[in-house]
Amino acid sequence: MTRAKRARGRQKEGSGGGQATMISSVINLLNTIIGAGTLAMPSAMSHFGMVLGVIVILWSGFTSAFGLYLQSRCARYLDRGTSSFFALSQMTYPNAAVIFDAAIAIKCFGVGVSYMIIIGDLMPGVVEGFDARAAGIPYLMDRNFWITVFMLIIIPLSFLRRLDSLKYTSIVALVAIGYLIVLVVYHFASDTLAPKDKIRFVSWGGPVEALASLPVVIFAYTCHQNMFSILNEISSNSPGSIMGVIASSIGSAASIYVLVAITGYLTFGNDVTDPASIASTIAKAAIVILVTFSIPLQIHPCRASMDAVLKWRPKDVSRPSVRTSSPGGRPLLPTAGPARSDHGPSAPISDLRFAVLTTVILVLGYIVALTVVSLERVLAYVGSTGSTSISFILPGLFYYKISDPNSIHHQRLTKEDDDALSQPGSDSEDADGDEGLLGRSVDSIHSAASGPGVKGKNTTFPWRWRRKWRWDMEHLNPELLRGGSLALAVYGMCVMAICLVMNLVGTVTAH
């Protein structure tokens, strides 16, 4: 039995494979990444300068992509379709799982509410821009009215269980982003460019301005809260497919950010403004469409994390863990059938619980959006802690802990691969080229821990080691990858500290 077929076997016996295509996964992940912050890129570049600005945008994309990649590596230690922050927390830091999921829930809830506030702030200007007579109609100028109207669109989308069901609304949101990009490039091509003395090519605005703009760029790539749902729902979760989703999403976002940042900055210079025109009004409407269809993408992980928090119970570390599956991933005891929730944990969310949690999130979000005019300061702290945690710190710590050669989870995964290689017929079947869950790849994991015991089997396919670089990144040295995961966690802690300090400085300055 090959790893691919063993993976398919686990997929049938476990929680089941997904139905999402690679394209729909890229669309949903890209829509999670790209938001209204895209238009803040020219302003950020005015503080960094062009050279440093491009470097920061690309570096932020790379670190975010590495965090997504580590999440995909961690998912290999879990049964197909059961990946989640909570499941990994239970395996690595069980008594801290509730803290991780609470942080994710608060972060996603805060972002969703901020999107509702954006809708209320922009829609009065949009209708007035299209027809000046709207200014004389009080309810059309009322932000609460527009938040209520758009809730009629948000509510049904939020009750969809599968993230893949939002792919069509994500396409509409990406079309809106496309218009914004075209608008920025159009102003760059048609308007008179800013004088050269207002453009910083190599110089920058100083450390304070640069550090103040750093969170805007780093958090612009935050999408890690939905990565496990993508891994659970994608139909082909081979390493190559997962790398394709990550590279396409982050690569597209980075390209858009660089394009908007450069063209917008060259057009307006250090005095980035919002030109008043019908095109600008349409752009504001496009932002409203974008954030409207992005809210359900925030509710999805928020609901899953809230469910995990409510189900959490302290784990008694003195009791030995009970193993429920054999080395091949097959259950030792028969089960009644597959069980899964919309976010991966083994215990499914019942229809009633799903409806109650979704309703609570929507009602609370609606109330907060109506009563709070600005969440800027609160979101600054939530983003500083929540976004850095789920993007850098948690993926790095999870992978570093779970991939320890002395970890029982790592040893179990290694033994499964060794068992698959030692079974008759594996040599001939490996030639089919379809690699399944761990791909051709787990050699990079088990080679460091299995020792010479599998040398004879591996040498049957010397072509696997002739190529130094592989698209699916399975050529990476396991120890190097562990070191990189720890470095990412430390990097996330540094970013968190910088952001918190800048928020405190901003609070003191404002007072």
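What you are looking at is a predicted structure, and each value in this text was computed from that prediction instead of being measured. (Residues numbered from 1 in each chain as written. Predicted model: local features only at pLDDT ≥ 70, side-chain atom pairs only at ≥ 80, totals over all residues. Heavy atoms only, no water.)

1. What about the overall build of the protein?
Put simply, the rule reads: Helix and strand labels come from DSSP, where a helix needs a run of H or I of at least four residues and a strand needs a run of E of at least two; each type is numbered from the N terminus. Exposure categories follow from relative accessible area, calculated using a 1.4 Å probe and restricted to protein chains: below 20% of the type maximum is buried, above 50% is exposed, and the middle band is partly exposed. Here a residue-residue contact requires only that any non-hydrogen atoms of the pair lie within 4.5 Å. Here the Shrake-Rupley method, with its probe set to 1.4 Å, supplies the accessible areas, and only the displayed protein chains count as covering residues.
In terms of helices and strands, the protein carries 20 helices and 0 strands. Expressed as a percentage of the 511 residues in the protein, the buried residues total 52%. Residue pairs at least 24 apart in sequence account for 88% of intrachain contacts in the protein once pairs closer than 6 positions are excluded. Entry remark: accessible area of the protein is about 22100 Å², with carbon and sulfur atoms responsible for 68%.

2. Digging into the packing of helix 2 (residues 22–33) against helix 8 (residues 167–190)
So the rule is basically this: Interaxial angle, 0 to 180 degrees, is taken between N-to-C directions of lines fitted to C-alpha atoms, where a helix line uses only the stretch in contact. Oblique is the label for any angle not covered by the other classes, which are roughly parallel (under 35 degrees), roughly antiparallel (over 145) and roughly perpendicular (65 to 115). Should the near helix be turned anticlockwise from the far one by less than a right angle, the crossing is termed left-handed; should it be turned clockwise, right-handed. Classification convention: Asp, Glu, Lys, Arg as charged; Ala, Val, Leu, Ile, Met, Phe, Trp, Tyr, Cys, Pro as nonpolar; all other residues, Gly among them, as polar.
Across the interface, helix 2 lies against helix 8 with an axial gap of 9 Å and an inter-helix angle of 55 degrees. Taken together, the axes of helix 2 and helix 8 are oblique relative to one another. Crossing of helix 2 over helix 8 shows left-handed handedness. Across from Ser24, Ile27, Asn28, Leu30 and Asn31 in helix 2, the residues of helix 8 making contact are Lys167, Ser170, Ile171, Ala173 and Leu174. Of the residues that constitute the contact of helix 2 with helix 8, the class distribution is 5 nonpolar, 4 polar and 1 charged.

3. Quick notes on the packing of helix 2 against helix 11 (residues 239–268)
Viewed as axis vectors pointing N to C, helix 2 and helix 11 meet at an angle of 40 degrees, and their least axial separation amounts to 9 Å. Looking at the two axes, helix 2 sits oblique to helix 11. Where helix 2 crosses over helix 11, the two elements pack in a sense that is right-handed. Listed contacts from helix 11 to Met22, Ser25, Val26, Leu29, Leu30 and Ile33 of helix 2 are Ser241, Gly244, Val245, Ser248, Ser249, Ile250, Ser252, Ala253 and Tyr257. For the contact of helix 2 with helix 11, the residue count by class is 9 nonpolar, 6 polar and no charged.

4. Some thoughts on a nonpolar patch on the surface
Spelled out, the test is: Only residues whose relative accessible area exceeds 30% and that take part in no salt bridge are eligible for patches, with like-charged residues grouped when within 9 Å of each other and nonpolar side chains (Val, Leu, Ile, Met, Phe, Trp, Tyr) grouped when within 5 Å. Salt bridges are defined as contacts in which a side-chain nitrogen from Lys or Arg sits within 4 Å of a carboxyl oxygen from Asp or Glu.
Side chains of Val51, Ile55, Phe201 and Val202 sit close together on the surface and give an oily, nonpolar patch of about 390 Å² of accessible area. Topologically, Val51 is positioned in helix 4 (residues 50–75).

5. Some remarks on helix 5 (residues 85–92)
Counting buried positions over the 8 residues of helix 5 gives 6, a clear majority of the element. Those residues of helix 5 that sit buried are Phe85, Phe86, Ala87, Leu88, Ser89 and Thr92.

6. Regarding the nonpolar core
Heads up, the rule is: Side-chain atoms within 4.5 Å link the members of a nonpolar core, which is a set of buried Ala, Val, Leu, Ile, Met, Phe, Trp, Tyr and Cys residues.
Ile57 and Tyr257 are the most contacted members of the largest nonpolar core, which totals 111 residues. When residues of this core are assigned to their parent elements, the largest contribution, 14 residues, is made by helix 11. Residues within four places of Tyr257 in sequence aside, it is in contact with Ile33, Ile34, Thr38, Met41, Ile57, Ala220 and Tyr221. Phe86, Ala97, Val98 and Ala308 belong to the second largest nonpolar core, which has 5 residues in total.

7. Examining the confidence of the model for the protein
The condition that has to hold: Per residue, pLDDT captures the predictor's confidence, and it can take any value from 0 to 100.
Of all residues in the protein, 74% attain a pLDDT of 70 or more, and the chain-wide mean is 78. Segment residues 317–346: pLDDT under 50, and 61 contacts once partners within four positions in sequence are set aside and those in other chains are kept. Residue range residues 425–467 is modelled with pLDDT below 50. Its contacts to residues more than four positions away, or to other chains, number 79 contacts.

8. Some words on helix 7 (residues 143–158)
This is how it is decided: In this analysis, the expected span of each helix is defined as 1.5 Å times one less than the number of residues it contains. The bend reported for a residue corresponds to the angle between axes fitted to the seven residues ending at that residue and the seven starting there. Polar contact criterion, stated in full: a pair of N or O atoms within 3.5 Å, where within protein one must be able to donate a hydrogen and the other to accept it, and residues adjacent in sequence count only if both atoms are side-chain atoms.
A rise of 1.5 Å per residue sets the reference length of helix 7, with its 16 residues, at 22 Å; its end C-alpha atoms lie 22 Å apart and thus fit the reference within 8%. At Leu152, helix 7 shows its strongest bend, of approximately 35 degrees, with the proline Pro156 following within four residues. Of the residues making up helix 7, those classed as buried are Arg143, Trp146, Ile147, Phe150, Met151, Ile154, Leu157 and Ser158. For helix 7, the secondary structure elements touched by its buried residues are helix 6 (97–130), helix 8, helix 12 (278–311) and helix 13 (351–371). Where helix 7 begins, the side chain of Asp142 points an oxygen toward the backbone nitrogen of Asn144, at a separation of 3.1 Å.

9. Some words on the packing of aromatic side chains
The description of an aromatic ring pair uses the distance of the two centres, along with the angle that the planes make with each other. Applied cut-off: Two rings belonging to Phe, Tyr or Trp (six-membered ring only in the last case) form a pair when the distance between their centres is within 6.5 Å. Interplanar angles under 30 degrees mark stacking, angles over 60 mark edge-to-face geometry, and anything in between is tilted. Either the NZ atom of lysine or the CZ atom of arginine qualifies as a charge over a ring when it sits within 6 Å of the ring centre and within 35 degrees of the ring normal.
The tally for this structure, following the rule as stated, stands at 12 aromatic pairs. Between Trp59 and Tyr491 the ring centres are 5.9 Å apart and the planes differ by 90 degrees, which places this aromatic pair in the edge-to-face class. Of this pair, Trp59 sits in helix 4 while Tyr491 sits in helix 20 (residues 478–510), and the two are 432 residues apart along the sequence. The exposure class assigned to Trp59 is partly exposed, which follows from its relative accessible area of 44%. Using a relative accessible area of 19% as the deciding quantity, one classes Tyr491 as buried. Ring geometry for Tyr139 versus Phe145: centroids 5.2 Å apart, planes at 70 degrees, classification edge-to-face. Judged by relative accessible area, Tyr139 falls into the partly exposed class, the value being 48%. Looking at Phe145, the relative accessible area reads 28%, which means it is partly exposed. Of the aromatic side chains, those joined through ring pairs into one cluster are Phe85, Tyr93, Phe100, Phe228 and Phe398. Over the ring of Phe354 we find Arg161; its NZ or CZ atom is 4.4 Å from the centre of that ring. Arg482 extends its terminal NZ or CZ atom over the ring of Tyr400, reaching a point 4.1 Å from the ring centre.

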